[in-house]
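Descriptive structure summary
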Amino acid sequence: PKPTLAIVGATGAVGTIMRDVISRRDDVWGEIRLVASPRSAGRKLRIRGEEVTVQALSEEVFDGVDVAQFDLPDEVSAHWAPIAAANGVIVIDKSAAFRMDPDVPLVVPEANPEAVRDRPKGIIANANCTTLALIPTLAPLHAAFGLKSMTVASYQAASGGGKDGIDALYDQLSAIAGNRDIGFRAGDVRDALGEGADAAFGSPLALNVVPKVGGWKDDGWTSEELKVRNETRKILGLPSLAVSATCVRVPVVVGHSQAVHATFDSPVTVAQAHKLLADAPGVVLVDDPAAGRYPTPIDAAGLDDTFVGRIRSSLDFPNSLDFFVVGDNLVKGAALNSAQIAELLLPEFS
Ligand code: 2RA
């Protein structure tokens, strides 16, 4: 029989994309259970063209489940993932709760698919959306030329903040739409948006960019910047990779973009990078300056692949490339990568 899958956190922004991703991929699962907080229990949601009733998260809901996709707040995952795993379920967890646990593999199928097998806790972690937009491009370049260091600036979409983030951006845009008198004087956008416009992102996002994603950590770094560094190191198996990241929120609905400066052990040409990335799984090369073609988030939204372009040989740094990558933060950045990890487990059930 085909294995049973549970989608835990089925009603959130990522849960919705997860149902869509599972519905359009090969039909490899037997029963699919949709699980959410007691508040959502009883709702009927569609997956694979069928209506399924949402069940409340409980220990019993895992009876007979082979694989569970968790999309829950960190502290909720930290509590429930070990409970599910103790019931024999392989948990694929999208939260940050287990990513840096040495007994939990952090998997991006384009980079380290074999890591799914070594899971002493029965838990496999899914990387953060910003890391996930980078890895399909970095992994083949690293395999060929040896990644030595990386400096990244991100341009992250509002949907990284979930449904509340999306709503906040649309509300702010509606509140100022058509007003051509603002944006010229310090504070005038804040005045137009009024109290509460800082709630979702720390500062208003409409007509703005906000150089703070995630929570504050030691020495002025944000949690998001540390995730880019620590997760890239773990996934590529480079524990001392030099990484410096600055993460910035921009008024985009979906699609995290990143400007990357990467230095390699060996010399690398743009032509070599083009050839490698044109053939890389999960990557689409969009790099034709003469035709004005480069990746942008509005052209990547809703799509599975990550897009790379603007590849240049650094003028002043040896063995270095500069490039621009874009990936849908809800698709490859969350639901799709988890679905791909789950599919890597299928041979264990045949
Ligand atoms: C963000 N990376 O974009 C986060 C979501 N996990 O805010």
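The rules behind the values
- Residues numbered from 1 in each chain as written.
- Predicted model: local features only at pLDDT ≥ 70, side-chain atom pairs only at ≥ 80, totals over all residues.
- Helix = DSSP H or I, 4+ residues; strand = E, 2+ residues; numbered from the N terminus.
- Rg over C-alpha atoms; globule rule 2.2 N^0.38 Å.
- Buried ≥ 20, exposed ≤ 12 C-beta atoms within 10 Å, placed from the backbone.
- Contact = placed C-beta atoms within 7 Å.
- Pairing = 2+ DSSP bridges.
- Axes fitted to C-alpha atoms, helices over the stretch in contact; angles between N-to-C directions.
- Left-handed = near helix turned anticlockwise from the far one by under 90°.
- Near = placed C-beta within 6 Å.
- Nonpolar A, V, L, I, M, F, W, Y, C, P; charged D, E, K, R; others polar.
- Domains from an automatic or database assignment.
- Parallel < 35°, antiparallel > 145°, perpendicular 65-115°, else oblique.

A word on the overall build of the chain. Helix and strand counts for the chain stand at nine helices and 14 strands. For a compact globule of 350 residues, the expected C-alpha radius of gyration is about 20 Å, and the chain comes in at 21 Å, within 12% of that figure. Over its C-alpha atoms, taken along the principal directions, the chain stretches across nearly 55 × 55 × 40 Å. Looking at the chain as a whole, 47% of its 350 residues are labelled buried. In the chain, the share of contacts with a sequence separation of at least 24, taken over all contacts with a separation of at least 6, comes to 66%.

With that out of the way, let us pick up the environment of Ala242. Following the sequence through the fold, Ala242 ends up in strand S10 (residues 242-249). Judged by C-beta crowding, with 13 C-beta atoms within 10 Å, Ala242 ranks as partly exposed.

What follows covers the sheet that holds strand S11 (residues 256-264). With respect to topology, six strands assemble into an open sheet ordered S10-S9-S11-S14-S13-S12, the strand pairing being mixed. Either end of the sheet is taken by a strand with one partner, and the two such strands are S10 and strand S12 (283-285). Strand-to-strand twist across the sheet, computed as the mean angle between neighbouring axes with direction ignored, equals 20°. Packed onto the sheet, helix H6 (residues 223-236) meets strand S9 (147-156) and S10 and runs at close to 135° relative to S10.

Angle between the axes and distance between the axes: these two values describe a pair of packed helices. Where helix H3 (residues 129-145) meets H6, the axes come as close as 10 Å, and the angle between the chain directions of the two elements is 35°. Note that H3 runs across H6; the crossing there is right-handed. In this structure, H3 uses Thr130, Thr131, Leu134, Ile135, Leu138, Ala139 and His142 to contact H6, whose residues at the interface are Glu224, Lys227, Val228, Glu231, Thr232, Ile235 and Leu236.

Time to look at the site of the ligand. Surrounding the ligand, one finds Asn128, Cys129, Thr130, Gln156, Gly160, Gly161, Val213, Glu224 and Asn329. For the shell around the ligand, the class distribution of residues is two nonpolar, six polar and one charged.

Counting through the fold element by element, Arg249 comes out in strand S10. Each C-alpha atom, one on Arg249 and one on Ala157, is 6.1 Å from the other, the two residues being 92 residues apart in sequence. Arg249 has contacts with Gln156, Phe201, Leu205, Val209, Val210 and Val213, leaving out every residue within four places of it along the chain.

As a further point, take the domain arrangement of the chain. Domains assigned within the chain are domain 1 (5-126 + 335-349) and domain 2 (131-157 + 209-329). One C-alpha centre belongs to domain 1, the other to domain 2, and the line joining them spans 27 Å. Taken together, the contacts link 10 residues of domain 1 with 13 residues of domain 2. Considered class by class, the residues forming the side of domain 1 that touches domain 2 number six nonpolar, two polar and two charged.

It is worth spelling out the sheet that holds strand S1 (residues 5-8) at this point. Ordered by their spatial adjacency, six strands build an open sheet running S5-S2-S1-S6-S7-S8, and the pairing between neighbours is parallel. Every other strand in the sheet has two partners, leaving strand S5 (55-56) and strand S8 (123-125) as the edge strands with one partner each. Relative to strand S6 (residues 67-70), S1 runs parallel, the two being bridged by four bridges. By the bridge assignment for S6, Leu5 is matched with Val67. Along the sheet face, helix H2 (residues 74-86) touches S6, strand S7 (90-93) and S8 and points at about 160° away from the line of S7.

With that out of the way, let us pick up unusual backbone geometry. Of note, the phi angle at Arg48 is positive, near 50°, even though the residue is not glycine. Within the fold, Arg48 resides in the loop between strand S3 (44-47) and strand S4 (50-53). In this model, Asn319 sits at a positive phi of 50°, which is unusual for a non-glycine residue. Position of Asn319 among the secondary structure elements: in the loop between strand S13 (306-313) and strand S14 (320-327). For Asn319, a count of 16 C-beta atoms within 10 Å translates into the label partly exposed.

In the contact formed by H3 and helix H9 (residues 331-344), the axes pass within 8 Å of each other and the chain directions differ by 80°. Relative to H9, the element H3 lies roughly perpendicular. Contacts between H3 and H9 involve Cys129, Leu132 and Ala133 from the first element and Lys332, Gly333, Ala334 and Asn337 from the second. Across the contact of H3 with H9, the residue classes tally to four nonpolar, two polar and one charged.

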